[in-house]
Structures are given as structure tokens and as C-alpha cells.
Amino acid sequence: MSGPLDGVLIADFSRVLAGPLATMTLADLGATVIKVERPGAGDDTRAWGPPWSPHGATYFESANRSKQSLTLDLSDAADLVLAQELAQRADVFFENFRPGALARFRLDYESVRERNPQVVYTSISGFGAGAGADLPGYDFVVQALGGLMSVTGAPAGEPTKVGVALVDVLTGKDATIGTLAALAARDHSGHGAHVEVNLLSSLLGAMVNQASGYLGAGSVPRAMGNQHPSIAPYETLRARDGIIAVACGNDGQFAKLAAALGIPGLAQEAEFATNVARVQNRPRLILALEERLATKDVATWQRELSAVGVPAGAVNSLPEAFALAEELGLAPTYDLPGASPQVRHPVRYSDGVLVEPSPPPRLGEHSAALRAWLAGPADAAPPRLTPPVTPPTDEGE
């Protein structure tokens, strides 16, 4: 079936994670995504392993399904002509080169817009195109510079990164939103736009209550382990055989928690009756709760607390998390022929607008067909993506 972005052609010159994740999301919605890669090497993440699947680096596979791979050497005059022709035909041009780096190839926004006024040109950088243009934008460094590491980890421990490239993921989602908004605006104005996203701004925007607390109240947040700065109990607590996450977002939920633990009077005591009081008296609160939690195991408490409407759960491993999603009927993965399982597109639509996914491409897998198309009439439709019948060689040419 065709998706809502059927007919939208994306020239994807991005690499690593934020840009590829955004273009994969657009491919899930039906866009034709042509991923331009360096001959012989490709996207950096093709070499980022372990772990490896039977098909390549699992890192690359996480953000590149349903794309066509075209290898082009921009330092080669003939290949550069093809790259420029692709930019001229594209509805969307994605790139995350250092700001200004594509100008010498006439693939910068001004050059592409001159030939293609309707293009939506999406640029992703680490720190914007101004004073931070020369700073390399790596997720780990932005987690440090952007303040995320300062609020992550144990209170007395070393600042800690999040266990996934979260800033890249957030930036990729912002880039997706911005691109879709620009495409919608183009439907009304007939003009394209330059969409600019940077990792630092995406991170600061994602700091939400922590950022607002600093800006509005001068409160500088700090690492608190698994505790929440404004809510209690909203943390991990120790039960008989391990720890359980408990999240009481209001006084009613806390009253239910106290009753389930067999200490209903706790919710009426002045030092615990309101959320503000519980935050102020957190150490004593934790002692009272963990004394009761120690009488049963985590699995039992998860069942009993969930049954009365108290959000609570074990700290799962990733296999356990996928198993839970399966148990809940969320169907969290795709099984693709000739490829490793993929995490399913996270948004569900009532009329089933998602297209059938295809495996992440081998390097240069679609180069021959795409080169022929780019050398042909400008109004010809791009080749359709079809799953390979036999495993291609690495360069596919």
C-alpha cells in the first residue's frame, strides 16, 4: 500500500543517527528515500560494531530500513553531477555535514534552492550554523555540554550519560517534525524552506521541567539517581528480592499505595499528606515504604500495586521489555525477509498508513538503477524499492 508521503522524494545525504532516523521515519510513511553514501565505506555506522547481525552492523540497521543506497564520490566530477541532479529532483534534501561544507559542491541550501525553489532542505548540526559551526556534534559530547549528564547518575557519583544516544534520537524526531511542517506549508505557499535543527537546542528543549525550574526559579538541577526533584515517591524502592519503580503522581495514588502496603494512616500524616510534604520528608518516607516493601518480592508488589492503580514495575532488561510489549499485544518488531528483526514504527494510525518495510540496504545496492534514472529524463519517476531476490554484493554495481 502507499503511505501519506507517497510521491515525496528524499535525497538523504545524512549519516550516523539523527538524520538517518528522521529519513527512516519518513520512509515508513511512504516517502522514497535515496541514501547517498561514500563508495567503499558508506555511512560511518556500517563499521560501528560489535554487535553484528548476519547482515552487518546492527547500529546501521537500526536507522536505515526502507531506503535505497546510492554510492557517489562528490570529489568525482561525474558523480557530483549526479548528486546535483538528485538535489534538483528532490522534494526534501537532508544533510548533517559541518555547516558550510557542502557549498563547494553547490549542494548547500542556496545553491539547491536556486535550481529547486520548492525544496525542503533540512540541515542537522551539533551547535547551529553560527558561532558553533565548527564544533563537532557528537551525541556524547552534547550530553555533557548541554547539561544532561549533570542531572544523570548517582548523587555522589560521576556525571553519567544516558544509555542510548538520546540527543541524536530527539534531534531526529525534531527534524522529522520540522520537515513535515515545511512540506505542509509548501502545500499552501508553493515555496520550500530551510529547516535547521541542532543537537544542543533539541536537548535544551527536551530538558522540560529541569530547564523551566532553572529559568523560572533559578533552581540548578543536580543528579538525583532515580529520584524525581518535584514528586515523591517517584523513584526506585527496595523490595524483598530487588528494586521496584514506583510513581505516585498525585495524593490519591499515594493513598492507594499506603493502603496496599498495609499502612493507610501514612497518607494522613502531616509530613506525608501532600506531595510537597513528601518531597521535603523524602528520607523518612523511603524508610517507611521500604520497611513494608521488604515483606514481598518485586513481582508480587507489581501485581498488587498495579491492580489498585498505583504505577509500579520491575526494572526490566531489554529482552524483558520486548517480551512485555509482545504480551500486551503491541507487536513491537518487524520480521523482514533477508534482514534482522526491526523495531516497529512507534505510531499507530487508524487507517493503516504505514507502508510495508524493506530491509536496510547493502552499500550501493541500488546504485545501478539510480544512476540510470538520474541520467535519464528529469520527469521520470524514481525506481521503486523492492526487496532483493538474491543477496547483492557490497557495492551492488
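What you see is a predicted model, and the numbers here were worked out from it, not measured in a lab. (Residues numbered from 1 in each chain as written. Predicted model: local features only at pLDDT ≥ 70, side-chain atom pairs only at ≥ 80, totals over all residues. Heavy atoms only, no water.)

### Points about the overall build of the chain
Within the chain, the regular secondary structure consists of 14 helices and 13 strands. For the C-alpha atoms alone, the extent of the chain along its principal axes is close to 80 × 45 × 40 Å. Within the chain, the fraction of its 397 residues that count as buried is 44%. Within the chain, contacts between residues at least 6 apart in sequence are counted, and of these 68% link residues at least 24 apart. Here the chain displays about 19,600 Å² of accessible surface, and carbon together with sulfur accounts for 58% of that area. Measuring between centres, the 30 positive side-chain charges of the chain sit 4 Å from its 43 negative side-chain charges. (Helix = DSSP H or I, 4+ residues; strand = E, 2+ residues; numbered from the N terminus. Buried < 20%, exposed > 50% of the residue type's maximum accessible area, 1.4 Å probe, protein only. Contact = heavy atoms within 4.5 Å. Areas by Shrake-Rupley, 256 points an atom, 1.4 Å probe, with all protein chains shown as cover. Lys, Arg positive; Asp, Glu negative; His and termini not counted. Charge placed at Lys NZ, Arg CZ, Asp CG, Glu CD.)

### Side note on the packing of aromatic side chains
Across all of its chains, the model carries 4 aromatic pairs by this definition. Ring centres of Phe13 and Phe93 lie 4.7 Å apart, and the angle between their planes is 15°; this geometry places the pair in the stacked category. Taken together, the residues span a long stretch of sequence, with Phe13 in strand E1 (residues 9–13) and Phe93 in strand E6 (residues 92–95) at a distance of 80 residues. Comparing Phe13 with Phe93, the two get one shared label, buried. Ring centres of Phe93 and Tyr121 lie 4.7 Å apart, and the angle between their planes is 5°; on these two criteria the pair is classed as stacked. On the criterion of sequence distance, the pair formed by Phe93 in strand E6 and Tyr121 in strand E7 (residues 120–125) is long-range, its members being 28 residues apart. (Phe/Tyr/Trp six-rings, centres within 6.5 Å; stacked < 30°, edge-to-face > 60°.)

### Here we look at the packing of helix H3 (residues 77–89) against helix H14 (residues 367–374)
With their axes 10 Å apart at the nearest point, H3 and H14 run at an angle of 75° to one another. Between H3 and H14, the angle is such that the two are roughly perpendicular. Residue-level inspection shows Asp79, Leu82, Glu85, Leu86 and Arg89 of H3 in contact with H14, the latter providing Arg371, Trp373 and Leu374. Looking at the contact of H3 with H14, its residues break down into 4 nonpolar, no polar and 4 charged. (Axes fitted to C-alpha atoms, helices over the stretch in contact; angles between N-to-C directions. Parallel < 35°, antiparallel > 145°, perpendicular 65-115°, else oblique. Nonpolar A, V, L, I, M, F, W, Y, C, P; charged D, E, K, R; others polar.)

### Topic: the packing of helix H6 (residues 166–189) against helix H7 (residues 199–206)
Relative placement of two packed helices is described by the angle separating their axes and the distance separating the axes. Where H6 meets H7, the closest approach of the two axes is 9 Å, and the angle between their N-to-C directions is 95°. Between H6 and H7, the angle is such that the two are roughly perpendicular. Contact with H6, carried on its side by Val167, Asp168, Leu170, Thr171 and Asp174, involves Leu199, Ser202, Leu203 and Ala206 of H7 and no other residues of that element.

### Brief notes about the environment of Pro155
Structurally, Pro155 is set in the loop between helix H5 (139–145) and H6. The spacing of Pro155 and Asp91 is 64 residues in sequence and 48 Å in space, taken between C-alpha atoms. Apart from the residues within four sequence positions on either side, Pro155 is in contact with Ala223, Met224 and Gly225.

### A few points about the sheet that holds E6
Ordered in space as E5-E2-E1-E6-E7-E8, the 6 strands form an open sheet in which the pairing is parallel. The open sheet is flanked by strand E5 (68–71) and strand E8 (193–198), the only strands paired with a single partner. Sheet twist, expressed as the mean angle between neighbouring strand axes with direction ignored, is 20°. Bridging between E1 and E6 involves 4 bridges; their strand directions are parallel. When the bridges of E6 are listed, Phe13 appears paired with Glu95. (Pairing = 2+ DSSP bridges.)

### Some thoughts on unusual backbone geometry
Geometrically, the link from Pro50 to Pro51 is a cis peptide bond, its omega value of 0° lying close to zero. Assignment of secondary structure puts Pro51 in the loop between strand E2 (32–37) and strand E3 (52–53). The residue after Ala232, namely Pro233, is reached through a cis peptide bond having omega -10°. With respect to the helices and strands, Pro233 occurs in the loop between helix H8 (208–217) and strand E9 (234–238). For Val16, which is not glycine, the phi dihedral falls at a positive 75°. Structurally, the position occupied by Val16 is in the loop between E1 and helix H1 (18–28). Even without glycine at this site, Ser66 takes up a positive phi of about 60°. With respect to the helices and strands, Ser66 occurs in the loop between helix H2 (58–61) and E5. When its relative accessible area of 7% is taken as the criterion, Ser66 is described as buried.

Purely geometric stuff here, so don't read any function into it on its own.
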